[in-house]
Amino acid sequence: MNIFEQQQCEFQGRHIGPNETEKDAMLSAIGVSSIDELISKTIPDGIRIKGDLDIPAAISEFDYLNELKKTAEKNKVFKTYIGQGYYDTITPSVILRNVFENPGWYTQYTPYQAEISQGRLESLLNYQTMVADLTALPIANASLLDEGTAAAEAMAMLFNHKNKDHDHITAPQFFVDDKIFAQTKDVLVTRAAPIGIELVFGNFDHAVLDENYFGAIVQYPDSDGAVRDYRNFITAAHAVNAQVVMATDLLALTLLTPPGELGADVAIGSSQRFGVPMGFGGPHAAFFATKDEFKRTIPGRIIGVSVDALGNRCLRMALQTREQHIRREKATSNICTAQALLSNMAAMYAIYHGPDGLTNIAKRISILAQTLSDELNELGFDNENEYYFDTLKVTVADATAVIKSAAAQEMNFRLIDNKHIGISLDETTSQSDVVDILHILAASINIDTAVAGFDADAYLSNIPFALTRNSDFLTHPVFNTHRSESEMMRYLKFLENKDLSLNTSMISLGSCTMKLNAATELIPVSWPSFSRLHPFAPADQTLGYQQIITELENYLSKITGFAATSLQPNSGAQGEYAGLLTIRAYHESRGESHRNVVLIPISAHGTNPASAVMAGMKVVVTKCDEAGNIDVTDLKAKAEEHKNDLAALMVTYPSTHGVFEESIIEICNTIHEHGGQVYMDGANMNAQVGLTSPGMIGADVCHLNLHKTFAIPHGGGGPGVGPICVAPQLVPFLPGHVNLDNETSNTHAVSAAPYGSASILLISYAYIKMLGAKGLRSATEYAILNANYMKARLEKYYKILYSGKNGTAAHEFIVDLRPFKTSAGIEAEDVAKRLMDYGFHAPTLSFPVAGTLMIEPTESEDKSELDRFCDALIGIYHEIKAIENGEADKKDNVLKNAPHTQLVICADEWTKTYSRTTAAFPLPYVKQNKFWPSIARVNNTYGDRNLVCTCEPVEAYA
């Protein structure tokens, strides 16, 4: 490779950790002579790709950014007044720089290990408090994916609440008001049909609910911007034992009577306009708040207050968190990802502005809206909304002509119908913008001048007296303290310092693939040409996005060996669900709607059976053998038994146990022979890219976790992106969308925005462009190399549970800690907590096998970091041995007391049977870069018994 070719391939050396010298040493430790030999031992030859992927060659980081700038220029950033749940907003620079663009916030993992996650847990508790206060409902979760799916989750929760026995549904109907957002209706249609919910559409004013209804949903303010009083409707619904969901706007609720005070049972919506860019549709954090009676069935994650082993206040994920992994096919939701990074941004926006600042923003917008309405009235136009917050529904002679004239002046209005346009103002709207809007409307009736008089102290007559908010909100000191940028910056750093993220050390979570999230991949996400586009902007304004989306779809289709890709699903679990819906629709198109049985190996991710049930499928579990592989005999028997109704097999490949099973083609053929389709869970795709593919093994559809394999950051538990790739026969059944003129799609939407979390697709696009075909393959090879190197080092001390027929692992492997429970009283959790003292996040704990750790190093870690982690686990092994041989006390030891906080180590009194140095600095490298867990071991049981999910009084922090 000459010096110029080296420059084009520079990113490969930045992304992949080990250098050539380290690679040779690692291969020697494994006992192979080359990476090719290792790969041949790991992946069955019959499913190997011969040659390179059909992906362009790599380009340098510099060239990529220059090329992307030219693509970005194809996007047109107009002043956009479309609304419909998406609004331009001002992200405070202190939040943009210190959260959104800060790896200390965006590379954190989901806070399952509370002791090293207190910063983001506190931020998410602030988010829950913000939502609970603004909606006046007592319980809020830590966010959902988007407003449409939040509405669907609310519908499903109320359906399950009323219909306990799904075999005998007594109240199947759900009322949907005509004036909810169109994309929300679209998602509700998708989610209702498979589980037997009957949607009834109509005007809430004329609706008559009876005992056949379990619930209803209304929009507040509605899709046309009107503020309506739903009190009588809610009372009538409650009279027939039906609950009401209110889709609403957090900013509007600073001025309007909140849903909880109106009697609503659930409030949902998007927190996007709290400082989170539109980004052509996402990612954004949806909010979900409800009454106390639903606290054990609320979907998603709840952050709750507890105490640690020393009795100090701490936070952790509460109640039913990840309940689908426990309940599997009995779960009521498959939600596994939140939008944590975006929730944190929204919470920090509320903290920075405070209740008065938020109210002033809302008042400014509403005064401008009222001024616009009054001046339009003077011109002879009619705003049909008597009461409104930020949106006018304006009657015009020719709506299409007005929309076209506005676009010529770089403004976007919403086309409602031939005679009506919608104009939604936002935080970025200025007085001069209002005058510009007036000029457009005036010109449409041949008036060439327009003026406006602004009164900053105007009485908001557009907010009805009966629906004016009188209650306080955001009264906790956290929302009333951090007004200066210095205070805000320090608060953000204070929280960040409590959390271990990828800028601290490797995070080796099996199946979660915590690889490098390169700065060059992330920088463009903040560019206004990508961040400020409305998802429903006219197509001729989004040509840059369309180019990137089309190219990325093509790349992913080629990588997976499939015919087409949909980027709409905005989480891995949503991808599972969308993939199963394509299979369901395919069978229905062939007159085989009775095919509803899904075979799922017992080792599968818990979201698999949960997704299957949500898609209206019946789950049949198949066995695994002692080596952890799918029991082919049992699978064949089950396929034969259910052949008349077989819809699909859900299979993870390589397996959840980290093995490329030799029988995969035989397994896929068996399903096809019995009329089913094969769904491949793409959680472990990082072991496939460039070496094999779902298409080669015989699958028909797979989802991909772009937040794993394709380098999108985990963001403390989200955002995620879970696109699906499909074989030719499934292409017609990919997700559609009400805002896409898509004649080929036979299905409705699975996400609120047409392309899901569109702005962060840039990250995966960059990853592929800068690695190129050869770099993508190398990344996979090094992921397998790193895993096998660690396995080679650790198997001298620990039992490794599963491996392939040649003794190799794929990209992850499982360390069995169960023997130590008997020999030393040490459990997997003790090892996980002790790793924190060594400066590391625990690997995946007790999944897929209880009492184990599943380790995945990824390709991004160099040999020295792998060695530090191995040294830590080897050090822990010797600590366990000391307990076994009596050198250390069985109860008072470094593992049982882990993690050790700075407070404990520096206390005046030390009563442990081991030294402070042993506790805090077990190996020399720890002394050079010590990460201190901020709390001692969390007490989960206490927190669930004493559930507190909002900020407590200040004295509780003492």
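Residues numbered from 1 in each chain as written. Predicted model: local features only at pLDDT ≥ 70, side-chain atom pairs only at ≥ 80, totals over all residues. Heavy atoms only, no water.

What about helix α9 (residues 147-162)?
Between its terminal C-alpha atoms α9 stretches 23 Å, which fits the 22 Å expected from 16 residues at 1.5 Å a residue. Most of α9 is tucked away, with 15 of its 16 residues classed as buried. The distance from a side-chain oxygen at the start of α9 to the backbone nitrogen of Gly-148 is 3.3 Å, and the residue carrying that oxygen is Asp-146. (Helix = DSSP H or I, 4+ residues; strand = E, 2+ residues; numbered from the N terminus. Expected span 1.5 Å × (residues − 1). Buried < 20%, exposed > 50% of the residue type's maximum accessible area, 1.4 Å probe, protein only. Polar contact = N/O pair within 3.5 Å; in protein donor to acceptor, adjacent residues only side chain to side chain.)

Focus on the side chain of Ser-860
Of note, Ser-860 is situated in the loop between β26 (852-855) and α29 (863-884). Taking the relative accessible area as the measure of exposure, Ser-860 reaches 14% and is therefore buried. Setting aside chain neighbours within four positions, we find Ser-860 in contact with His-15, Gly-17, Lys-515 and Leu-516. (Contact = heavy atoms within 4.5 Å.)

Some points on the sheet that holds β26
With antiparallel pairing, four strands are arranged side by side in an open sheet as β23-β24-β26-β25. Strands at the two margins of the open sheet, each flanked by one partner only, are β23 (799-800) and β25 (844-845). Both strand β24 (residues 813-816) and β26 contribute to a ladder of four bridges, which runs antiparallel. By the bridge assignment, Ile-814 is partnered in β26 with Met-854. Along the sheet face, helix α26 (residues 761-794) touches β23, β24 and β26 and points at about 20 degrees away from the line of β24. (Pairing = 2+ DSSP bridges. Axes fitted to C-alpha atoms, helices over the stretch in contact; angles between N-to-C directions.)

Some thoughts on the nonpolar core
With 232 residues, the main nonpolar core has Met-130, Phe-413 and Leu-441 as its most contacted residues. It is helix α14 (residues 340-379) that provides the largest number of residues to this core, a total of 20 residues. If sequence neighbours within four positions are ignored, Met-130 has contacts with Leu-250, Phe-274, Ala-346, Ala-347, Ala-350, Leu-474 and Phe-479. Counting residues in each nonpolar core, the second largest holds 34 residues, with Met-157, Val-176, Ile-197 and Ala-749 among its members. (Core = buried A, V, L, I, M, F, W, Y, C linked by side-chain atoms within 4.5 Å.)

Description of the pattern of salt bridges
All chains considered together, the criterion is met by 45 salt bridges. Where Asp-54 meets Lys-558, a salt bridge forms, and the shortest distance between an N and an O atom there is 3.4 Å. Here the residue Asp-54 occupies a position in the loop between α4 (35-42) and α5 (61-72), and Lys-558 occupies one in helix α20 (residues 543-560), the gap between them amounting to 504 residues. The exposed category is assigned to Asp-54, whose relative accessible area is 53%. (Salt bridge = Lys/Arg side-chain N within 4 Å of Asp/Glu carboxyl O.)

Comments concerning unusual backbone geometry
The linkage connecting Tyr-653 with the following residue, Pro-654, adopts the cis geometry, with an omega of -10 degrees. Structurally, Pro-654 is set in the loop between β19 (646-652) and α24 (664-673). With an omega of 5 degrees, the peptide bond between Phe-847 and Pro-848 qualifies as cis. Within the fold, Pro-848 resides in the loop between β25 and β26. The phi torsion at Ser-143 lies on the positive side, around 105 degrees, for a residue other than glycine. Position of Ser-143 relative to the elements: it lies in the loop between β2 (139-140) and α9. Judged by its relative accessible area of 1%, Ser-143 is buried. Backbone geometry at Leu-474 places phi at a positive 50 degrees, although glycine is not the residue there. Looking at the secondary structure, you find Leu-474 in the loop between α16 (431-444) and α17 (485-496). Among the residues examined, Leu-474 registers a relative accessible area of 0% and is labelled buried.

Description of the packing of aromatic side chains
Using the criterion set out here, one finds 26 aromatic pairs in the structure. Taken together, a centroid distance of 6.0 Å and an interplanar angle of 80 degrees make the contact between Phe-204 and Phe-233 edge-to-face. Of the two residues, Phe-204 is situated in the loop between β4 (198-202) and β5 (213-220) and Phe-233 in helix α11 (residues 231-239); the sequence distance between them amounts to 29 residues. Taken individually, Phe-204 and Phe-233 each receive the classification buried, so the pair is uniform in this respect. Taking 6.0 Å as the distance between ring centres and 85 degrees as the angle between the ring planes, the aromatic pair formed by Phe-921 and Trp-932 counts as edge-to-face. Residue Phe-921 is found in the loop between α31 (916-920) and α32 (924-928), and its partner Trp-932 is found in the loop between α32 and β27 (938-939); the two are separated by eleven residues along the sequence. The structure contains a cluster of three or more aromatic residues connected by ring pairs, namely Phe-175, Phe-204, Tyr-220, Tyr-230 and Phe-233. (Phe/Tyr/Trp six-rings, centres within 6.5 Å; stacked < 30°, edge-to-face > 60°.)

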